[in-house]
Amino acid sequence: MIATLAADFADALPDGGRLIGLDVGTKTIGTALCDAGWSFASAAPLVRRTKFTADKAALVELVARQSVKGIVIGLPLNMDGTDSPRTQSTRAFARNLLDLGLPILLWDERWSTVAVERLMIEQDLSRAKRAERVDSLAAAHILQAAIDALANVPHP
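Everything numeric in this text was worked out from a predicted model, so none of it was measured. (Residues numbered from 1 in each chain as written. Predicted model: local features only at pLDDT ≥ 70, side-chain atom pairs only at ≥ 80, totals over all residues. Heavy atoms only, no water.)

Caption draft 1: Structural context of the pattern of salt bridges. Evaluation of the coordinates by the stated rule reveals 4 salt bridges. The partner of D55 in a salt bridge is R49, and the shortest N-O contact between them spans 3.1 Å. The class of R49 is partly exposed, set by a relative accessible area of 25%. For the salt bridge of R65 with E61, the shortest nitrogen-to-oxygen distance reads 2.7 Å. (Salt bridge = Lys/Arg side-chain N within 4 Å of Asp/Glu carboxyl O. Buried < 20%, exposed > 50% of the residue type's maximum accessible area, 1.4 Å probe, protein only.)

Caption draft 2: Highlighting helix α2 (residues 52–65). With 14 residues, α2 extends 20 Å between its outermost C-alpha atoms, agreeing within 8% with the 20 Å of an ideal straight helix rising 1.5 Å per residue. The inward-facing, buried residues of α2 contact β2 (18–24), β3 (28–34), β4 (41–48), β5 (68–75) and α3 (85–96). Phi for S67, located one or two positions after α2, is positive at around 55 degrees. (Helix = DSSP H or I, 4+ residues; strand = E, 2+ residues; numbered from the N terminus. Expected span 1.5 Å × (residues − 1). Contact = heavy atoms within 4.5 Å.)

Caption draft 3: Looking closely at the confidence of the model for the chain. Mean pLDDT over the chain: 86, with 83% of residues reaching 70 or higher. Mean pLDDT values for the elements of the chain range from 63 in helix α4 (residues 112–122) up to 96 in β5. (pLDDT = per-residue confidence, 0-100.)

Caption draft 4: Broad picture of the pairing of β5. Burial analysis of β5 places 7 of its 8 residues in the buried class, the great majority of the element. Inspection of the sheet shows β5 paired to strand β6 (residues 104–108) by 5 bridges, in the parallel sense. What sits directly across from V72, in β6, is L105. Handedness of the β-α-β unit built from β5, α3 and β6 comes out right-handed. (Pairing = 2+ DSSP bridges. Right-handed = clockwise from strand over helix to strand, strands pointing away.)

Caption draft 5: The sheet that holds strand β1 (residues 2–3), seen in detail. With mixed pairing, 6 strands are arranged side by side in an open sheet as β1-β6-β5-β2-β3-β4. Because the sheet does not close on itself, it has two edges, and the strands there are β1 and β4. Sheet contacts for α2: β2, β3, β4 and β5; angle to β3, the most-contacted strand, approximately 10 degrees. Running at roughly 165 degrees to β5, α3 makes contact with β1, β2, β3, β5 and β6 of the sheet. (Axes fitted to C-alpha atoms, helices over the stretch in contact; angles between N-to-C directions.)

As C-alpha cells, this is what we get:
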C-alpha cells in the first residue's frame, strides 16, 4: 500500500515499528532510520545507485537487518505542489518496492535538501563533506517530518 496521508500510513502500522526514510536521487539513495516509537530519525548508510535490482537488494538487506516495518519516501514535488519528472520517477520507485510487503508513505520533501544544506553551512562543513552527507541527512529530515506528523495522528 502506498499512502500520501500520515493517518493512512499509521493505520497500516497499528503497532508502530522501525521506519526507513529514503531520499531517492539519480546517483544515490539517502537513507535514514527511526526508532520503533517514532521519536527520532537519524542518517543511515548511503546507497550508491547502479541498476535498480542492485539498489533494491541493498535496501532489502538494510530493511531486514534493521527490522523495518514501513518505508517513508521523499516525494520531490514542484514548488507549486505539482508533479515533475522526478516526482513520477519516485512514484515508480515506490511502486517497485510494493513487493516488499511494507506500507509506503510518500512525503513532501520540497524543502528537505535546502534545510539540510543550510544547517551544514552553519556548522561550517566543507563543500566536499556536505556533498557526501546531504542525501542521508535529507532522508533523516524527511523521515523526522513524517514521524512528527505521525505523532499527531489520533489513535482509536
